Amino acid sequence: MDLSHTEEEQEFRARLRAWLAKVLPELPAKPSPDDWPGRRAYDLGWQRRLHDAGYAGLHWPVDAGGRGATPTQHLIFLEETERAGAPYVGANFVGLLHAGPTIAAEGTAGQRARWLPPVLRGEEVWCQGFSEPGAGSDLAALRTKAVRDGDAYVVTGSKIWTSHAEVADWCELLVRTDPAAPKHRGISWLAMPMDAPGITVRPLRTLAGSAEFAEVFLDEVRVPVANRVGAENDGWRVTMVTLSFERGTAFVGEVVACRRTLGALARTARANGRWDDPVLRRRLGRLYGEFGALWRLTQWNVSEAQGSGGVPGTGGSVFKLAYSHARQELYDVAAEVLGAGALSLEEEWTLERLSSLSYTIAAGTSQIQRNIVAERILGLPKGR
């Protein structure tokens, strides 16, 4: 991994900075956190601006509609947009960071042509229909069934923690197409239109008060067979591709955000007198080193993904495990620095702290990540 910047990459950073300085003051006000139609419009609008400026899907392959940027350019983009306070992907999260890269890696030419351009142009939103009430960490235990009926699957079942379902156009959906097969087999990956008859969406409110997740109930929903990504009953392998993006590269922008938050906490501690506490200074210093190491690991993971055709490796589980716990500690320290003022739900810090509690569960629990590291990286025998 070469961490030095070429003249071309330095010019790329300068152009990006200049563009961000021009366009960010022109953005409309952010909608209320509870206004999901407004948030969808805001996030899609930002994505359209990125597309028109040539920054959409920066690191996606050229034949998938991206720019085929180098890993370093991708990381520069993440650094500069975060430092400038630019909008994050928001409602575009699943389409840009999960479903889109999966379709780019596994889809047919027709599927890539149909689904990838609208994601990059900011025209369609995707949600993720993986987890079920009885299939969370043990995702392969899913029971939502899809029965073949001519050129369509008839899907019946339910999903939970379905990200952005209330504003989505499409759902990356896991279904069981062969109930007689072992649970890791007999699964298929479908692209389901969210306006199909038989779909009921019920938003779920989180601890932080937001409702970006939903329960989704499927009552004989017809999904065209042409919407299957990968072969029938090969969905578990395709799912591993999706999860490798989710754990390996989807959080990279948040590492930059956490490093910025850490700097803000240090400045606040100096201003309010907490900096005199040597224990607090040690905690902040250790977190500074930890997030610095996570950024280096991010660089390595992105470079590895580029070298393997764009699909991250199992090193993403190392990152996800370490990042989840570091983020929780960061906001524990934030509460210590801010004191009683951090208890107000009006404080952004508090909402971020509550949100951080979910990171050791979301995208695979820490226990699951430890198993992956033990079995697939260290070569340890599977537990019994």
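Residues numbered from 1 in each chain as written. Predicted model: local features only at pLDDT ≥ 70, side-chain atom pairs only at ≥ 80, totals over all residues. Heavy atoms only, no water.

S.K.: Looking at this structure, I do not really get empty space enclosed by the protein. What am I missing?
M.R.: Vacant regions in the atomic arrangement are exposed by a probe of water-molecule size rolled over the atoms. Applying the stated rule across the entire model yields two cavities of 30 Å³ or more. Put simply, the second largest cavity is a space of about 30 Å³. Across the lining of the second largest cavity, the residue classes tally to five nonpolar, two polar and one charged. (1 Å grid on protein atoms, 1.4 Å probe; cavity = no way out; pocket = protein on both sides within 12 Å on 5 of 7 lines; lining within 4 Å. Points joined across faces, edges and corners; volume = space filled by probe spheres on them. Nonpolar A, V, L, I, M, F, W, Y, C, P; charged D, E, K, R; others polar.)

S.K.: Help me understand helix α3 (residues 71-83) in this model?
M.R.: Think of an α-helix as 3.6 residues a turn; residues three or four steps apart then line up on the same face. An ideal rise of 1.5 Å per residue puts 18 Å on 13 residues; α3 measures up with 18 Å between its terminal C-alpha atoms. Burial of α3 is extensive: twelve of the 13 residues sit out of reach of the surface. Taken residue by residue, α3 has Pro71, Thr72, Gln73, His74, Leu75, Ile76, Phe77, Leu78, Glu79, Glu80, Thr81 and Glu82 as its buried positions. Note on α3: the residue one or two positions beyond its end, Gly85, has a positive phi of about 75 degrees. (Helix = DSSP H or I, 4+ residues; strand = E, 2+ residues; numbered from the N terminus. Expected span 1.5 Å × (residues − 1). Buried < 20%, exposed > 50% of the residue type's maximum accessible area, 1.4 Å probe, protein only.)

S.K.: Can you walk me through the pattern of salt bridges in this structure?
M.R.: Note that side chains of opposite charge can pair when their charged atoms are close. As enumerated under the stated definition, the model contains 23 salt bridges in all. One salt bridge connects Glu232 with Arg148, and the closest N-O pair in it is separated by 3.6 Å. Taken together, the positions of Glu232 in the loop between β8 (228-229) and α6 (235-248) and Arg148 in strand β2 (residues 145-149) put the pair 84 residues apart, joining distant regions of the chain. Owing to a relative accessible area of 47%, Arg148 belongs among the partly exposed residues under this scheme. One salt-bridge network, held together by shared partners, links Arg274, Asp277, Arg283, Arg286, Glu290, Glu329 and Glu336. (Salt bridge = Lys/Arg side-chain N within 4 Å of Asp/Glu carboxyl O.)

S.K.: Sorry, what's going on with the side chain of His164 here?
M.R.: Among the secondary structure elements, His164 is positioned in the loop between β3 (152-159) and β4 (170-176). In this structure His164 comes out as buried when scored by relative accessible area, which is 8%. In contact with His164, other than residues within four places in its own chain, are Trp36, Gly90, Ala91, Phe93, Trp126, Cys127 and Glu212. (Contact = heavy atoms within 4.5 Å.)

S.K.: So what exactly am I meant to see when it comes to the packing of aromatic side chains here?
M.R.: Ring pairs (aromatic) are described by centroid distance and by the angle formed between their planes. Tallied over the entire structure, the rule returns eight aromatic pairs. Between the aromatic rings of Trp19 and Tyr55, the centroid separation amounts to 5.2 Å while the plane-to-plane angle is 50 degrees, which identifies the pairing as tilted. Pair noted here: Trp19 is in helix α1 (residues 7-23) and Tyr55 is in the loop between α2 (36-53) and α3, with a separation of 36 residues, a long-range link. Each member of the pair, Trp19 as well as Tyr55, is classed as buried. The interplanar angle of 85 degrees and the centroid separation of 6.0 Å between the aromatic rings of Trp115 and Trp126 together place this pair among those described as edge-to-face. Residue Trp115 is located in helix α5 (residues 109-121), and its partner Trp126 is located in strand β1 (residues 126-129); the two are separated by eleven residues in the primary sequence. Here Trp115 and Trp126 have matching classes, each one buried. Members of the aromatic cluster, joined through ring pairs, are Phe12, Trp19, Trp46, Tyr55 and Phe77. Here Arg39 stacks its cationic end above the ring of Trp36, 3.9 Å away from the centre of that ring. (Phe/Tyr/Trp six-rings, centres within 6.5 Å; stacked < 30°, edge-to-face > 60°. Lys NZ or Arg CZ within 6 Å of the ring centre and 35° of its normal.)

S.K.: What should I look at first to understand unusual backbone geometry in this one?
M.R.: Glycine aside, negative phi is the norm for most residues, and most peptide bonds take the trans geometry. Despite not being glycine, Glu220 shows a phi value in the positive range, around 55 degrees. Assignment of secondary structure puts Glu220 in strand β7 (residues 213-224). Not every positive phi belongs to a glycine, and Asn233 is a case in point at roughly 70 degrees.

S.K.: Looking at this structure, I do not really get the side chain of Thr81. What am I missing?
M.R.: Inspection of the secondary structure assignment puts Thr81 in helix α3. The exposure class of Thr81 is buried, given its relative accessible area of 10%.

S.K.: Just to check I follow, could you spell out the packing of α1 against α2 for this structure?
M.R.: Each pair of packed helices can be summarised by the angle the axes make with each other and by the distance between the axes. Where α1 meets α2, the axes come as close as 13 Å, and the angle between the chain directions of the two elements is 140 degrees. For the element pair α1 / α2, the angle class is oblique. As for how α1 packs across α2, the hand of that crossing is right-handed. Between α1, through Trp19, Leu20 and Val23, and α2, the contact on the second element is made entirely by Trp46, Arg49, Leu50 and Ala53. Residues of the contact of α1 with α2, tallied by class, amount to six nonpolar, no polar and one charged. (Axes fitted to C-alpha atoms, helices over the stretch in contact; angles between N-to-C directions. Parallel < 35°, antiparallel > 145°, perpendicular 65-115°, else oblique. Left-handed = near helix turned anticlockwise from the far one by under 90°.)

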